[in-house]
Amino acid sequence: MTGLPDPSAALAELARLALSAGIAANPAARACSGRLAGRSLAIETLDARFVIHFEPGAVRLDTGTDPADATLRGSPASLAATLAGREETAAVLGDTALFEDFRDSFRPRLEVPGKFVLEDLGDIVRLGVKAAESTLEGLANAVRNRRDP
């Protein structure tokens, strides 16, 4: 099949948008990008790989094969679960402290009004994780279909 986007480039762009939004909205993510400046985290799933390069107040992503300080590797579902902190099913190679700092700092934080029911907050988080899993599974299916004759 032709005309399908490169899965690594598509995932990298999706991650760049999400991480840039996180840095803009979340002081913990901004601080983390500064702490991790000059370091990198690779994300690998199926035939897709991209590397997050941390800079003060920003991230840069590429799809190169250069080594990274830490690598998160697994299926799309295991990556989503590990990033959400639900399960540790994806492999973390290299500097695990870098990965944990990234995951903890970039985790979405919602301002909770006084009367907001925490159960609703859990529903919102679960919905966001399901949306991320759905996106990753869609890309995985596109990669599989790309290989099928």
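Residues numbered from 1 in each chain as written. Predicted model: local features only at pLDDT ≥ 70, side-chain atom pairs only at ≥ 80, totals over all residues. Heavy atoms only, no water.

### Re the overall build of the protein chain
So, point 1. A count of helical and extended segments in the protein chain gives 5 helices and 5 strands.
So, point 2. Element-wise, carbon and sulfur atoms account for 57% of the exposed surface of the protein chain, whose accessible area totals about 8,500 Å². (Helix = DSSP H or I, 4+ residues; strand = E, 2+ residues; numbered from the N terminus. Areas by Shrake-Rupley, 256 points an atom, 1.4 Å probe, with all protein chains shown as cover.)

### Quick word on the pattern of salt bridges
So, point 1. Summed over the entire model, instances satisfying the criterion amount to 10 salt bridges.
So, point 2. Across the salt bridge formed by E55 and R60, the nearest N and O atoms sit 3.3 Å from each other.
So, point 3. Overall, R60 belongs to the partly exposed group, its relative accessible area being 41%.
So, point 4. Here R103 makes a salt bridge to D104, at a shortest N to O gap of 3.9 Å.
So, point 5. For D104, a relative accessible area of 36% corresponds to the partly exposed category. (Salt bridge = Lys/Arg side-chain N within 4 Å of Asp/Glu carboxyl O. Buried < 20%, exposed > 50% of the residue type's maximum accessible area, 1.4 Å probe, protein only.)

### Concerning the side chain of T82
So, point 1. Note that T82 resides in helix α3 (residues 76–84).
So, point 2. Of note is the side chain of T82, whose polar atom sits 3.2 Å from the backbone nitrogen of T89. (Polar contact = N/O pair within 3.5 Å; in protein donor to acceptor, adjacent residues only side chain to side chain.)

### Considering the packing of aromatic side chains
So, point 1. Tallying each qualifying case throughout the model produces 2 aromatic pairs.
So, point 2. With a centroid separation of 5.0 Å and 35° between ring planes, the pair formed by F102 and F106 is classed as tilted. A residue pair is termed a helical-turn pair when its members lie 3 or 4 positions apart in one helix, as F102 and F106 do in helix α4 (residues 96–106) at 4 residues.
So, point 3. For F106, a relative accessible area of 14% gives the class buried.
So, point 4. Three or more aromatic residues link up through ring pairs in this structure, and these residues are F54, F102 and F106. (Phe/Tyr/Trp six-rings, centres within 6.5 Å; stacked < 30°, edge-to-face > 60°.)

### Observations concerning the nonpolar core
So, point 1. In terms of nonpolar packing, the biggest core is built from 24 residues, with L41, F50, I52, F54, F102 and F106 touching the most fellow members.
So, point 2. Counting residues per element, the ones that place at least two in this core are α1 (7–25), α2 (27–35), β1 (40–45), β2 (48–55), β3 (58–62), β4 (70–73) and α4.
So, point 3. Ranked by the residues each element gives to this core, the list is headed by α1, at 5 residues.
So, point 4. Setting aside residues up to four positions removed in sequence, L41 forms contacts with F50, V51, I52, F54, A68, A70, T71, L72, L98, F99 and F102. (Core = buried A, V, L, I, M, F, W, Y, C linked by side-chain atoms within 4.5 Å. Contact = heavy atoms within 4.5 Å.)

### Looking at the sheet that holds β4
So, point 1. Strand order across the open sheet formed by 5 strands is β3-β2-β1-β4-β5, with mixed pairing between neighbours. Both edges of this open sheet fall to β3 and β5 (91–94), since each of them pairs with a single strand only. The average undirected angle you get between the axes of adjacent strands in this sheet is 20°.
So, point 2. Note: β2 against β3, 5 bridges, orientation antiparallel. Paired with V51 across the two strands is D62, which belongs to β3. (Pairing = 2+ DSSP bridges. Axes fitted to C-alpha atoms, helices over the stretch in contact; angles between N-to-C directions.)

### A few points about the packing of α1 against α2
So, point 1. Following both chains from N to C, one finds α1 and α2 inclined at 110°, their axes separated by 5 Å at the closest point. Taken as axis vectors, α1 and α2 run roughly perpendicular relative to one another. Contact residues: G22, I23, A24 and A25 in α1; P27, A29, R30 and S33 in α2.
So, point 2. Taken together, the residues of the contact of α1 with α2 break down into 5 nonpolar, 2 polar and 1 charged. (Parallel < 35°, antiparallel > 145°, perpendicular 65-115°, else oblique. Nonpolar A, V, L, I, M, F, W, Y, C, P; charged D, E, K, R; others polar.)

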